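What follows is the residue order along each chain.
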Amino acid sequence: MDAEGSRRSPVNRRRGFGGGRLTIVCLSLLLVLSLAGGALLGASDDAKDTGRDSIYKYLTLWEEVLRHIRGSYVEETDGRSLTAGAMDGVTDALDPFSVYVPASEVESYRAAREVGRRHSGALVLKERGTAYVVAVDGGSPAAIAGLEPGDIVAGINGRSSRAMPLWELRRQLAGPVGSELALELVRRGSSVEANLKLDEYEPLPPEFEEVRGVGVLRIPSFGSGTAARVETLLDGYAGDSLLIDLRGVAGGSAEAAYAVAGLFASGELGSLIDREDRKLETFEGAGGLYSGDIDVLTDRSSQGPAEILTAVLREAVDADHSGESTFGYAGTLRQIELPNGGGVLETTAAFYTDPEGERLNDRLRVSNDRRLSAFLFGESEDRLDPVLQEALDLIPDILEAPADPNEQ
């Protein structure tokens, strides 16, 4: 995801299903899933549909491909395994959050979804067969174990992650409290081992401090009490500039993000819209908490609610956007039951930022206002947080009055 104009990840991703036979398999099964579970958000619009005959054409093609594989492949093949693997490829082609779950694992995966990241603090996704860490919550077991955003998860407890579908990876990370996972990681080309002990933890609350005359608001997570905490922290702050730091913030409550945005901006802030362009929910704010200049700082891990807040502030109060382009995903997931007892977890609606209907992640994943060179070089000996320092340097008031070089 390092190419500008596309979502970022350790995998240089292009939207494709793979080559040769798997391409045909996945294309065919995408239509199968559409028939069995309803129209997928990533499928073609009705206006572009070529008719029902095309569906049956692909189903016939799928049957023919499967027959040739069974008859010609050098080893005996398992039709169920081929179908399950193709379905994994279908959901992987939709987005990193969609997943196919076989019938035998639906209940255990449902339980794992309820746990989510509460036992690990790590958001791990899988794209084109590669599992990688998107974000790590501060103070979580994953942070204690030393996991970092961008780490490739090569193996778990001695088993290659490439052999694990996404549902199994998530179930491993949502295991019982006290469970230990031996992780094999690849970090910037080097092999790293980590021991992750699952445990309950409390997400860090928002924090506020003034740095070099600028208010810095750090929001590590978005929950039910986030907006109230932000309002309390900024009560009485009258500085000319405010920097909102959303680096490494992935997941959480979209409603909480809109509630925070509503402290700064008034009127309609955005909507949740489904495939048929129906507004499922509209969010509004009263504004008035702060009237100075706002700069939002993000990185590649900023995802979901962090992207919602960034997009709304850019649109509604003309906030600047520094750092790196965000991950590029803000939507809602729904589990579709399939006739065979399995399930597909798919994106069924997305957040939009303005009345003109620009999809939120299309706006944010493409570019930002100011990219920071400090992301390329990391921490230095004389600057505790070089990215934050460079972001502060770009605020106009700081440029007019440079800080003492010895000040952190």
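Everything numeric here is computed off the predicted structure, so don't read it as measured data.

**Focus: the overall build of the chain**
A count of helices and strands for the chain gives 13 helices and 17 strands. Put simply, the chain has 408 residues, and 48% of those count as buried. Sequence-distant contacts in the chain: of pairs separated by 6 or more residues, those separated by 24 or more amount to 67%. Accessible area of the chain: about 19700 Å², with a carbon and sulfur share of 48%.

**Observations concerning the environment of E307**
With respect to the helices and strands, the residue E307 is situated in helix α9 (residues 305-316). Judged by relative accessible area, E307 falls into the buried class, the value being 0%. Residues E307 and A257, 50 residues apart in the sequence, show an inter-C-alpha distance of 8.7 Å.

**Some points on unusual backbone geometry**
One non-glycine residue, N157, lies in the positive phi region at around 50 degrees. Relative to the assigned elements, N157 resides in the loop between β4 (152-156) and β5 (159-160). Despite not being glycine, D318 has its phi angle at roughly 60 degrees, a positive value. Positionally, D318 belongs in the loop between α9 and β14 (320-323). Under the relative-accessibility criterion, D318 is labelled exposed at 65%.

**Quick look at the packing of aromatic side chains**
Under the definition given, this model contains seven aromatic pairs. Ring plane angle 85 degrees and centroid distance 6.3 Å describe the contact between F97 and F327, whose orientation is recorded as edge-to-face. Highlighted residues: F97 in the loop between α3 (79-94) and β1 (99-101) and F327 in the loop between β14 and β15 (331-337), separated in sequence by 230 residues. When sorted by exposure, F97 lands in the same class as F327, which is buried. Judged by centre distance (5.2 Å) and plane angle (65 degrees), the rings of F208 and Y237 are edge-to-face. With F208 in strand β8 (residues 207-211) and Y237 in the loop between α7 (226-234) and β10 (241-245), the pair connects residues that are 29 residues apart, well separated along the chain. Among the residues examined, F208 registers a relative accessible area of 23% and is labelled partly exposed. A relative accessible area of 10% places Y237 in the buried class. Each residue in the set F97, F327 and Y329 is aromatic and connected to the rest through ring pairs, giving one cluster.

**Focus: the nonpolar core**
One broad trend across soluble globular proteins is that nonpolar side chains are buried collectively. Membership of the largest hydrophobic core comes to 36 residues, with the highest contact counts inside it found for I219, F222, I244, F264 and L309. Secondary-structure elements contributing two or more residues to this core are α7, β10, α8 (254-264), β11 (266-274), β13 (293-298), α9 and β16 (343-352). The next biggest cluster of nonpolar side chains, apart from the first, holds 18 residues, and it includes L147, I156, L183 and A194.

**Observations regarding the side chain of T130**
By the secondary structure assignment, T130 is in strand β3 (residues 130-136). Reaching out from T130, the side chain makes a polar contact with the side chain of R162 at a distance of 3.5 Å.

**Concerning helix α4 (residues 106-115)**
Along α4, the residues that are buried comprise V106, Y109, A112 and V115. Tucked into the core, α4 has its buried residues touching β1, α6 (166-173), β15 and β16. Backbone geometry just after α4 places G116 at a positive phi near 60 degrees.

**What about the pairing of β11?**
One ladder, built from seven bridges, connects β11 with strand β12 (residues 279-286); its direction is antiparallel. Pairing of E268 across the sheet is with E284, part of β12. The loop that links β11 with its antiparallel partner β12 comprises four residues; one of these, D277, has a positive phi angle of about 65 degrees. With four bridges joining them, β11 and β16 adopt antiparallel strand pairing.

**Focus on the confidence of the model for the chain**
Note that predicted coordinates carrying low pLDDT should not be read in detail. Chain-level statistics for the chain give a pLDDT mean of 78 and a share of 70% at 70 or above. Per-element mean pLDDT across the chain ranges from 45 in helix α1 (residues 21-37) up to 98 in α7. Confidence over residues 30-52 falls short of pLDDT 50; this stretch has 37 contacts with residues more than four positions distant or in other chains. Low pLDDT (under 50) marks residues 376-383, which in the prediction has nine contacts with non-local residues, meaning those over four places away or in another chain.

**Focus: the packing of α4 against α6**
Contact geometry of α4 with α6 gives a least axis separation of 9 Å together with a crossing angle of 55 degrees. Looking at the two axes, α4 sits oblique to α6. The element α4 and its partner α6 pack so that their crossing is left-handed. Facing S108, Y109 and A112 of α4, the residues of α6 in contact are W167, R170 and R171. Looking at side-chain class alone, the contact of α4 with α6 contains three nonpolar, one polar and two charged residues.

**Description of the environment of E168**
Residue position: E168 is located in helix α6. Judged by its relative accessible area of 11%, E168 falls in the buried class. Taking the C-alpha atoms as reference, E168 lies 7.9 Å from Y109; in sequence the two are 59 residues apart.

Rules behind the numbers
- Residues numbered from 1 in each chain as written.
- Predicted model: local features only at pLDDT ≥ 70, side-chain atom pairs only at ≥ 80, totals over all residues.
- Heavy atoms only, no water.
- Helix = DSSP H or I, 4+ residues; strand = E, 2+ residues; numbered from the N terminus.
- Buried < 20%, exposed > 50% of the residue type's maximum accessible area, 1.4 Å probe, protein only.
- Contact = heavy atoms within 4.5 Å.
- Areas by Shrake-Rupley, 256 points an atom, 1.4 Å probe, with all protein chains shown as cover.
- Phe/Tyr/Trp six-rings, centres within 6.5 Å; stacked < 30°, edge-to-face > 60°.
- Core = buried A, V, L, I, M, F, W, Y, C linked by side-chain atoms within 4.5 Å.
- Polar contact = N/O pair within 3.5 Å; in protein donor to acceptor, adjacent residues only side chain to side chain.
- Pairing = 2+ DSSP bridges.
- pLDDT = per-residue confidence, 0-100.
- Axes fitted to C-alpha atoms, helices over the stretch in contact; angles between N-to-C directions.
- Parallel < 35°, antiparallel > 145°, perpendicular 65-115°, else oblique.
- Left-handed = near helix turned anticlockwise from the far one by under 90°.
- Nonpolar A, V, L, I, M, F, W, Y, C, P; charged D, E, K, R; others polar.

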